[in-house]
Amino acid sequence: MQGGVFRGTITDAPDFDPTADAEALYSAMKGIGSDKEAILDLVTSRSNAQRQEIIAAYKSNFGQDLIDDLKYELTGKFERLIVSLMRTPAYHDAKEIHDAITGAGTNERCLIEVLASRNNKQIHDMVAAYKDAYGRDLEEDVIADTSGHFKKMLVVLLQGTRDESGVVDADLVQQDAQDLYAAGEEQWGTDEAKFIMILGNRSVTHLRMVFDEYEKIAEMSIEDSIKNELSGDFERLMLAVVQCIRSVPMFFAKRLYKSMKGLGTADNTLIRIMISRSEIDMLDIRECFRLRYEKSLYNMIKDDTSGDYKRTLLNLCGGDDDLAGEFFPEAAQIAYKMWELSAMTRVQLRPTVRPAPNFDPAADAQALRKAMKGFGTDEDAIIDIVAWRSNAQRQEIRQAFKSLLGRDLMKDLKSELSKNLERLIIGLMLTPAEFDAKMMRKAMEGAGTDEHALIEILVTRSNQEIHAMNAAYQGAYKKSLEDAIQSDTSGHFCRILVSLVQGAREEGLADVERANADAQELADACNADSDDMVMKFMSILCTRSFPHLRKVFQEFVKCSNKDIEQIIKKEMSGDVKNAFYAIVRSVKNQPSYFADRLYKAMKGLGTDDRALIRIMVSRSEIDLFNIRKEFKETHDASLHEFIQGDTSGDYRKTLLILCGGED
């Protein structure tokens, strides 16, 4: 709780009468079948402390154990949810930890979530409840069930001795940041003990300042360092601790999202979080959820669950934020901080395809010819050359093929390969500019237009790349790309694309004064009519540099108390909305934007192979490694797994080489 402020959705019921409630529950369970609605409405409209009084009244009035009766009457997830609501927070935590470490295999994610997010008092209460309920020592059980640095950090967290004084010593902040840097980024091998000591004991306020300081020294966020330096459960635990230091509500928003997205719902996680945060910070979690996922927690639960189970969860959730629009103060601060972080982080862009050592273009040209001569084609030989060379090397192979053999390599490849493999290999053989030009052409030819492809290419390419693409388009199709766009799109969307295709975006750092003015203009435009609003957004979003826009979007939170993404989603529609949204996402975190596009290309029925090929080819020598990391972070599955499950044959083999690793 921020400074003791109550941010939960469940509060004490006024005019509370435990005996009347006990009688109501008794009669709801009497006879054949039980009145589940009466049970869930009563339980979710009382605080946990009041539920304890109801349990006592139930026993003294009916001589029976309310929890036993509920278990007998209810079933499935609904039973688990209601029964868990009846336990005190400390006993609920103790039971979750007990279930996570007994039985076959350990549920490390549950251990991580609970121990990283609880304050000292909650930890001490849980340890005592565990002792009382199971007659065992929690620390001993955790030690017996885990190992290595992961175990050490859990033991540190179980002490519940994090500094909660609120006193910050500036010199120690400097020292800790320096020590963390020295323990990780600066040396071969990592000094894990330093990470454990500092992250496990220092106060929240202190560590937030350490993280800011660390970022200045290392030129990367502490999260990125942890991902580079640590691995497995220990990495997951340390990331969870860092996320909870930055913002506990945001940490839970992410956990909730992951528990519901994709196939199947991780009901245990969903139940645990909804119950344990309902009287602490559910309002902030809801706000963070909407901020990060552009969808309210309420709607996500509604789409993902059913029946009485759903009704109970929605009661705990409280309200639907899609109907609101303004930030709660806590979330405005988080939004502001998110933009600040994205502005400070200098992401080291990493490719997955690099130039091959000992490169011999003539030998490669001969080998490719051999693979295509005679009957049948040796696809493996082609893939092993093309996918393992850089684009510049492939251009030398193209030239050598012509000089030595008098043949056009592209024509030969087209006649020997087919379908997706052909598209992918040809895409790799073209120069980046030729490939972009071809992708633009493909997005506009035929009956429909692939607006998403037009947006993705024009938003994410640098001025230089756009100029090269314009020249390649003119060369290949004897028509300017701008004319093609104008004849294929219309209205504001057309104007946005034409503006972007000029390749005239400013380059350079943020100008703080101008960023404030820009933010104010955007905020004012939100009250104008929709045409004026679009034109004003276009004049800023399509022309300013990315670093400058980061600052603009950050200040926009201050001017309007709203998030720029939320405004675009709410106030705009269709392709215009998608274009502006793509700009904001790219400004915030471009690898994450591409990860999202890849996810959309593969999830659901059928694969959008054109998008998959376009991104894998065009990013492989720029930032595909970063895209992979973002993919894993957001979707809890690796890009490698997705490609593996979604494609087949030589096409899959080539994509996996480009992907470059399993994460």
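As the structure is a computational prediction, the values presented were derived from the model and not from experiment. Chains are numbered independently. Their residues run from 1 in the order of the written sequence. Whole-chain, interface and lining totals are the exception, using all residues; otherwise, since this is a predicted model, local features are given only for residues with pLDDT of at least 70 and side-chain atom pairs are given and counted only at 80 or more. Only hydrogens and water are removed before side-chain values are computed, so all heavy atoms of the structure are retained for them.

J.: What is the right way to look at the overall build of the protein chain in this model?
T.: The helix and strand inventory of the protein chain stands at 40 helices and zero strands. Within these notes, the globule rule equals 2.2 Å times the number of residues to the 0.38 power, and the radius of gyration is based on C-alpha atoms. Compactness check: the protein chain gives a C-alpha radius of gyration of 29 Å against a globular reference of 26 Å for 663 residues, within 12% of the reference. Viewed in the frame of its principal axes, the protein chain has a C-alpha envelope of about 95 × 65 × 60 Å. Each residue's exposure class comes from its accessible area (1.4 Å probe, protein chains only) as a fraction of the maximum for that residue type: buried when under 20%, exposed when over 50%, partly exposed otherwise. Put simply, the protein chain has 663 residues, and 53% of those count as buried. Here, two residues are considered to be in contact whenever any of their heavy atoms come within 4.5 Å of each other. Sequence separation of at least 24 residues holds for 73% of the intrachain contacts in the protein chain that already meet a minimum separation of 6. Here, Shrake-Rupley sampling with a 1.4 Å probe gives the accessible areas, and only protein chains in the shown set may cover a residue. With an accessible surface of roughly 28600 Å², the protein chain has 49% of that area assigned to carbon and sulfur atoms. Strands are runs of DSSP state E lasting at least 2 residues, helices are runs of H or I lasting at least 4, and numbering of each runs from the N terminus.

J.: Is there a simple way to explain the packing of aromatic side chains in this structure?
T.: Two numbers describe a pair of aromatic rings. These are the distance of the centres and the angle of the planes. For Phe, Tyr and Trp, where Trp contributes only its six-membered ring, two rings pair if their centres lie within 6.5 Å, and the inter-plane angle classes them as stacked under 30 degrees, edge-to-face over 60, or tilted in between. Summed over all chains, the structure comprises 15 aromatic pairs. Taking the centre distance of 5.1 Å and the plane angle of 55 degrees together, the rings of tyrosine 130 and tyrosine 134 count as tilted. Linking tyrosine 130 with tyrosine 134, this pair stays in helix α8 (residues 120–134), spanning four residues, or about one helical turn. Judged by its relative accessible area of 26%, tyrosine 134 falls in the partly exposed class. Centre to centre, the rings of tyrosine 593 and phenylalanine 594 are 5.7 Å apart; their planes meet at 55 degrees, and the pair counts as tilted.

J.: Sorry, what's going on with empty space enclosed by the protein here?
T.: Here the idea is plain: a probe the size of a water molecule rolls over the atoms and shows the empty space left. Site definitions follow a grid-based scheme: protein atoms alone, a 1 Å grid, a 1.4 Å probe that fits but cannot get out for cavities, and for pockets an open set with protein on both sides within 12 Å along at least five of seven lines, plus lining residues having an atom within 4 Å of a point. Grid points are joined across faces, edges and corners, and a volume is the space filled by probe spheres set on the points. Going through the model one piece at a time under the given rule, you end up with one cavity of 30 Å³ or more. Roughly 40 Å³ of internal volume is contained in the largest cavity. Surrounding the largest cavity, Lys254, Tyr257, Lys258, Arg292, Tyr293, Glu633 and Thr634 form its lining. At the level of elements, α16 (248–260), α18 (282–293) and α38 (624–635) are the ones that each hand at least two residues to the lining of the largest cavity. Tallying contributions element by element places α16 first for the lining of the largest cavity, with three residues. As a working rule, the residues Ala, Val, Leu, Ile, Met, Phe, Trp, Tyr, Cys and Pro are called nonpolar, Asp, Glu, Lys and Arg charged, and the rest polar, with Gly in that last group. When its residues are assigned to classes, the lining of the largest cavity shows two nonpolar, one polar and four charged.

J.: Looking at this structure, how should I read the layout of surface pockets?
T.: Computed from the structure, the second largest pocket encloses a volume of approximately 1100 Å³. Within the residue set of the lining of the second largest pocket, elements represented by two or more residues are α7 (108–117), α15 (232–246), α16 and α38. Among the elements that make up the lining of the second largest pocket, the one with the highest residue count is α15 (six residues). Class assignment of the residues belonging to the lining of the second largest pocket gives a composition of nine nonpolar, eight polar and 15 charged.

J.: Just checking my understanding: could you explain helix α23 (residues 379–386) for this structure?
T.: Because each turn of an α-helix spans 3.6 residues, side chains separated by three or four positions in sequence point in the same direction. Regarding α23, the residues found buried are Ile382, Ile383, Ile385 and Val386. With its buried residues spanning 165 degrees around the axis, α23 presents them on a single face. Buried residues belonging to α23 abut α22 (361–372), α24 (391–405), α25 (409–416), α26 (419–429) and α40 (649–659). Think of it as the arc spanned by the lines of direction from the helix axis to the C-beta atoms.

J.: Help me understand unusual backbone geometry, please; the structure alone is not making it clear to me.
T.: A negative phi angle characterises most non-glycine residues, just as the trans form characterises most peptide bonds. Of note, the phi angle at glutamate 219 is positive, near 55 degrees, even though the residue is not glycine. In this structure, glutamate 219 sits in the loop between α13 (204–218) and α14 (222–229). The backbone of lysine 419 sits at a positive phi, close to 55 degrees, despite the residue not being glycine. With respect to the helices and strands, the residue lysine 419 is situated in helix α26.

J.: Would you mind going over the pattern of salt bridges with me for this structure?
T.: Two side chains carrying opposite charge are able to pair once their charged atoms lie near each other. Any Lys or Arg side-chain nitrogen found within 4 Å of a carboxyl oxygen on Asp or Glu counts as a salt bridge. With the rule as written, the count across this model stands at 40 salt bridges. A salt bridge links aspartate 21 to arginine 46; the nearest nitrogen and oxygen atoms lie 2.5 Å apart. One end of the pair, aspartate 21, is in helix α1 (residues 18–29); the other, arginine 46, is in the loop between α2 (36–44) and α3 (48–62), with 25 residues separating them in the sequence. We note that aspartate 21, like arginine 46, is buried. Here aspartate 412 ties to arginine 407 by a salt bridge, and the two come within 2.7 Å at their closest N and O atoms. Ionic contacts of the salt-bridge type, sharing partners, join the residues Glu96, Glu113, Arg255 and Arg272 into one network.

J.: How should the packing of helix α5 (residues 76–86) against helix α17 (residues 267–277) be read in this particular structure?
T.: Pairs of packed helices are described in terms of their axes, by the angle between the two and the distance that separates them. With axes taken as lines fitted to C-alpha atoms, and helix axes fitted only over the stretch in contact, angles between N-to-C directions fall between 0 and 180 degrees. Where α5 contacts α17, the axes come no closer than 10 Å and their chain directions differ by 30 degrees. Classed by the angle they form, the pair α5 and α17 counts as roughly parallel. Crossing of α5 against α17: the hand is right-handed. Here Lys77, Arg80, Leu81, Ser84 and Leu85 of α5 lie close against α17, whose contacting residues are Asp267, Asn268, Ile271 and Ile275. Geometric relationships in this document are graded by angle, where less than 35 degrees denotes roughly parallel, more than 145 denotes roughly antiparallel, 65 to 115 denotes roughly perpendicular, and other angles denote oblique. In this scheme the handedness of a crossing depends on how the near helix is turned from the far one: anticlockwise by less than a right angle means left-handed, clockwise means right-handed.

J.: Mind showing me how you'd approach the environment of aspartate 281 here?
T.: The topology assignment puts aspartate 281 in the loop between α17 and α18. A relative accessible area of 5% places aspartate 281 in the buried class. A C-alpha to C-alpha distance of 17 Å links aspartate 281 and alanine 49, two positions 232 residues apart in sequence. A distance of 3.0 Å separates polar atoms of two side chains, one belonging to aspartate 281 and the other to arginine 277. For this analysis, a polar contact is any N or O atom pair within 3.5 Å, provided that within protein one partner can donate a hydrogen and the other can accept it, and provided that sequence-adjacent residues contribute only side-chain to side-chain pairs.

J.: I would appreciate a short explanation of the packing of α1 against α2 in the present structure.
T.: In the contact formed by α1 and α2, the axes pass within 9 Å of each other and the chain directions differ by 155 degrees. In terms of axis orientation, α1 runs roughly antiparallel to α2. The element α1 and its partner α2 pack so that their crossing is left-handed. Residue-level inspection shows Asp21, Ala24, Leu25, Ala28 and Met29 of α1 in contact with α2, the latter providing Ala38, Ile39 and Leu42.

J.: I tried to follow the side chain of serine 586 on my own but got confused; where do I start?
T.: Its location among the elements puts serine 586 in helix α36 (residues 574–602). A relative accessible area of 2% places serine 586 in the buried class. Those residues in contact with serine 586, other than ones at most four positions away along the chain, are Val459, Thr460, Phe546 and Tyr593.

J.: Can you walk me through the state of the cysteines in this structure?
T.: Think of a disulfide as a covalent bridge from one cysteine sulfur atom to another cysteine sulfur atom. Pairs of cysteine sulfur atoms within 2.5 Å are what we label disulfides. Scanning the entire structure with this criterion turns up zero disulfides. Its sulfur unpaired, cysteine 288 is 12 Å from the next cysteine sulfur, which belongs to cysteine 244. Judged by its relative accessible area of 0%, cysteine 288 falls in the buried class. The thiol of cysteine 559 is not disulfide-bonded; the next cysteine sulfur, from cysteine 526, is found 10 Å away.

J.: Help me understand the side chain of serine 47, please; the structure alone is not making it clear to me.
T.: Within the element layout of this structure, serine 47 appears in the loop between α2 and α3. Those residues within four positions of serine 47 in sequence are excluded, and the remaining contacts are Ile10, Thr11, Asp12 and Glu279.

J.: Before we go on, may I ask you to explain the environment of arginine 246 in this structure?
T.: Topologically, arginine 246 is positioned in helix α15. Among the residues examined, arginine 246 registers a relative accessible area of 19% and is labelled buried. As a C-alpha pair, arginine 246 and glutamate 633 span 387 residues in sequence and 17 Å in three-dimensional space. Excluding residues that lie within four positions of it along the chain, arginine 246 makes contacts with Arg208, Phe211, Glu215, Ser221, Ile222, Glu223 and Leu341.

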